[in-house]
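Overview (structure and organization)
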Amino acid sequence: MRLLVIEDDPLLRHSLSEGLREELYAVDTAADGEDGLLKARETDYDCIVLDGMLPGIDGWELLRRLRQEKTTPVLMLTARDAVPDRIRGLDAGADDYLTKPFDFEELLARLRALIRRSSGLGSNVLEIDGIEIDTAARTVRHDGEAVPLTPREYGLVEYLALHRGSVVSRTELYQHLFDESDDTLSNLLDVHVSNVRKKLGPSFISTRRGHGYCIE
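Now for a description of the structure that goes with this document. Small disclaimer: the values here were computed from a predicted structure and weren't measured. (Residues numbered from 1 in each chain as written. Predicted model: local features only at pLDDT ≥ 70, side-chain atom pairs only at ≥ 80, totals over all residues. Heavy atoms only, no water.)

Topic: the pairing of strand β6 (residues 125–128)
Walk down a regular strand and you will see the side chains alternate between the two sheet faces. This is how it is decided: Summary of the burial criterion: residues with accessible area below 20% of their type's maximum are buried, those above 50% are exposed, and those between are partly exposed, where the area comes from a 1.4 Å probe applied to protein chains only. Secondary structure elements follow DSSP: runs of H or I no shorter than four residues count as helices, runs of E no shorter than two count as strands, and numbering proceeds from the N terminus. Two strands pair under a simple rule: DSSP has to find at least two bridges between them.
The alternating pattern of β6 places Leu 126 and Ile 128 on a buried face and Val 125 and Glu 127 on a face that is not buried. Sheet analysis places β6 next to strand β7 (residues 131–134), joined by four bridges and oriented antiparallel. Its bridge partner lying in β7, Val 125 is registered against Asp 134. Linking two consecutive strands that pair antiparallel, namely β6 and β7, is a turn of two residues; a positive phi of about 50 degrees is found at Asp 129 within it.

Observations regarding the packing of helix α1 (residues 10–22) against helix α5 (residues 104–118)
Rules: Here an angle of 0 to 180 degrees is reported between the N-to-C directions of two axes, which are lines fitted to C-alpha atoms, with helices fitted over the stretch in contact. Just so you know how the angles are binned, under 35 degrees is roughly parallel, over 145 roughly antiparallel, 65 to 115 roughly perpendicular, and the rest oblique. Working rule for handedness: look at the near helix, and if it is turned counterclockwise from the far one by less than a right angle, call the crossing left-handed; if clockwise, right-handed. Contacts are assigned to residue pairs with any non-hydrogen atoms lying within 4.5 Å of each other. Under the convention adopted here, Pro, Cys and the residues Ala, Val, Leu, Ile, Met, Phe, Trp and Tyr are nonpolar, Asp, Glu, Lys and Arg are charged, and Gly plus all remaining residues are polar.
The contact between α1 and α5 brings their axes to 12 Å, and the two run at 60 degrees. By the angle between their axes, α1 is oblique relative to α5. Crossing of α1 over α5 shows right-handed handedness. Taken together, the residues of α5 that come into contact with α1 (itself represented by Leu 16, Gly 19 and Leu 20) are Phe 104, Leu 107, Leu 108 and Leu 111. When the residues that make up the contact of α1 with α5 are grouped by side-chain class, the tally is six nonpolar, one polar and no charged.

Some points on the side chain of His 176
We apply this condition: For the purposes of these results, a polar contact is taken to be a pair of N or O atoms within 3.5 Å, where, inside protein, one atom must be able to donate a hydrogen and its partner to accept one; residues adjacent in sequence count only when each atom of the pair is a side-chain atom.
With respect to the helices and strands, the residue His 176 is situated in helix α7 (residues 170–177). There is a polar contact of 3.3 Å between the side chain of His 176 and the side chain of Tyr 159. Filtering out sequence-adjacent residues up to four positions away, His 176 remains in contact with Met 1, Arg 2, Asp 44, Tyr 45, Asp 46 and Tyr 159.

By themselves, these figures tell us nothing about what the structure is for.
Below is the structure:
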């Protein structure tokens, strides 16, 4: 899953992005409203973490403009915890609201819930033909046995499972699994698909030649 963190505090932006990467997310960052809005418009993120108090375009105005074009889930993160500010954020189109200081585990739980709801799921656990994918624990089990996957392999399995039955293009997979610092012109995706098939069975991921991949 690919996230965008829009936060002007450099220390918080760095700690947030590094913490989220450790949780297997691909993360892009922006330090101001203009750059954040540009990235949010250009890329289909799975969720956006948005600070309210930003230089240039503030978070509320950014969100208002973004909602004219996209429905990307947005978690507002701000030090302004007055009720009118929370109402303003929610009315502008925020899907959830968390005030600073915050607990990182709570942030993770709220992100998981937003991504789960945007995919139309009511549970953290997906079960597909004996394969159990726990999106909270970030684990995969096959017939009850844990399957060791690399972070990118897990991300591939999770994204395809959340879109089960739909063909996902290579471009979309690159966009959601790799962040702006990755080399997306390599054969990394083919390598990950091959490795997942070795671990979960050759038929787990189907190839639709010329279109992409899917889990039936």
